[in-house]
Amino acid sequence: IVQGIRAGENKDWTLTVDKKCRLDITRNQRPDIILENKQDKKVVICDIAIAWETVSNMERVRNHKIDKYERIADLFREKGYSVISSPVIVGSLGSWAPENEIATKALGLPKRYVGKMIPLIVSQTIEQSKNIFWKHVFGNKYTAAPLYLPHLKPKGTTWEYVKPDDEDDSESENEDDLFHSDSE
């Protein structure tokens, strides 16, 4: 998103990423993005969140993010700024909230960039959700293998199956064996 802002129509605005707001010295709130135009007295506050995949929960998270940064928005309004506070909410299984368009427009992201950005963000979200799931199932035995995001491949990893030294050749290589523990 930050790359898109730097390439977009608001690239001359002041961009603050993951830092405390300069007007709010009493709290430790750090919105992901504050985009400020001091000359025109406009500001966009945007926080990015991954939410459980239900419409009602995604709406709840969106409202929570807006409420969370309302004090910062009010501080800018007191200084005469026009404020847009709009989070970007992505479902944990890849849903893209339609309200995210408010944020992408307010941030000045070029349409061509948004068209490329959405699949990337969604695929990264799905990839990380998959990794969390398998890490939960297999614990420390699981090593993330980003099949759809090869640029995340750890250095020195070939992605080839290497049989552990203690694995017996006579053991079954049935897929169902993956879901049974050694104690069964």
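In what follows, the structure referred to is the one given above.
About the cut-offs
Residue positions within a chain follow its written sequence, with the count starting from 1. Side-chain atom pairs in this predicted model are given and counted only at pLDDT of 80 or more, local residue features only at pLDDT of at least 70, and totals for whole chains, interfaces and linings cover all residues. Based on all heavy atoms of the structure, the side-chain values leave hydrogens and waters out of the count. Segments assigned H or I by DSSP are reported as helices when at least four residues long, segments assigned E as strands when at least two residues long, and all are numbered from the N terminus. The rule is simple: take the accessible area with a 1.4 Å probe, protein chains only, and divide by the maximum for that residue type; under 20% is buried, over 50% is exposed, in between is partly exposed. Residue exposure ignores everything except the shown protein chains as possible cover, and the areas themselves are Shrake-Rupley values with a 1.4 Å probe. In the sections that follow, a salt bridge refers to a side-chain nitrogen of Lys or Arg positioned within 4 Å of a carboxyl oxygen of Asp or Glu. Working rule for contacts: check all heavy atoms of both residues, and any pair within 4.5 Å makes them a contact. Strand pairing is assigned whenever DSSP detects at least two bridges linking the two strands. In this analysis, axes come from line fits to C-alpha atoms, helices being fitted only over the stretch in contact, and the angle between any two N-to-C directions falls in the range 0 to 180 degrees.

Turning our eyes to something else, we now look at the overall build of the protein chain. When helices and strands are tallied, the protein chain shows 5 helices and 6 strands. Listing every helix and strand of the protein chain by position from the N terminus yields α-β-β-β-β-α-α-β-β-α-α. When each of the 184 residues of the protein chain is scored for burial, the buried share is 35%. With an accessible surface of roughly 12500 Å², the protein chain has 52% of that area assigned to carbon and sulfur atoms.

So, about the pattern of salt bridges. For the coordinates displayed, the defined rule picks out 6 salt bridges. With a shortest N-O distance of 3.0 Å, Glu70 and Arg77 are connected by a salt bridge. Judged by its relative accessible area of 38%, Arg77 is partly exposed.

The subject of this paragraph is the environment of Ser95. In this fold, Ser95 is placed in the loop between β6 (88-91) and α4 (100-106). C-alpha separation for the pair Ser95 and Trp52, spaced 43 residues apart in sequence, amounts to 9.6 Å. Among all residues touching Ser95, those that are not within four sequence positions of it are Glu53, Met58, Ile89 and Val90.

A few words now on the pairing of strand β3 (residues 42-46). The buried fraction of β3 is high, at 4 of 5 residues. In this structure, strand β2 (residues 33-37) lies alongside β3, joined through 5 bridges in antiparallel fashion. By the bridge assignment, Asn37 is partnered in β3 with Lys42. In textbook terms, the turn of a hairpin is the stretch between consecutive antiparallel strands, and for β2 and β3 this stretch comprises 4 residues, one of which, Lys41, has a positive phi near 55°. Note: β3 against strand β5 (residues 82-85), 4 bridges, orientation parallel. What sits directly across from Val43, in β5, is Val83.

Tracing the sequence through the fold places Ser92 in the loop between β6 and α4. By relative accessible area, which is 12% here, Ser92 ends up buried. Residue contacts for Ser92: discarding those within four places in its chain leaves Ile50, Ala51, Trp52, Glu53, Thr125, Ile126 and Ser129.

The subject of this paragraph is the sheet that holds strand β1 (residues 14-17). Within a sheet, neighbouring strands are paired by backbone hydrogen bonds and run either parallel or antiparallel to one another. Across the sheet, which stays open at both edges, the 4 strands sit in the order β1-β2-β3-β5 with mixed pairing between neighbours. Since the sheet does not close on itself, it has two edges, and those belong to β1 and β5, each with one partner. Geometrically, the sheet is characterised by an average inter-axis angle of 10° between neighbouring strands, direction not taken into account.

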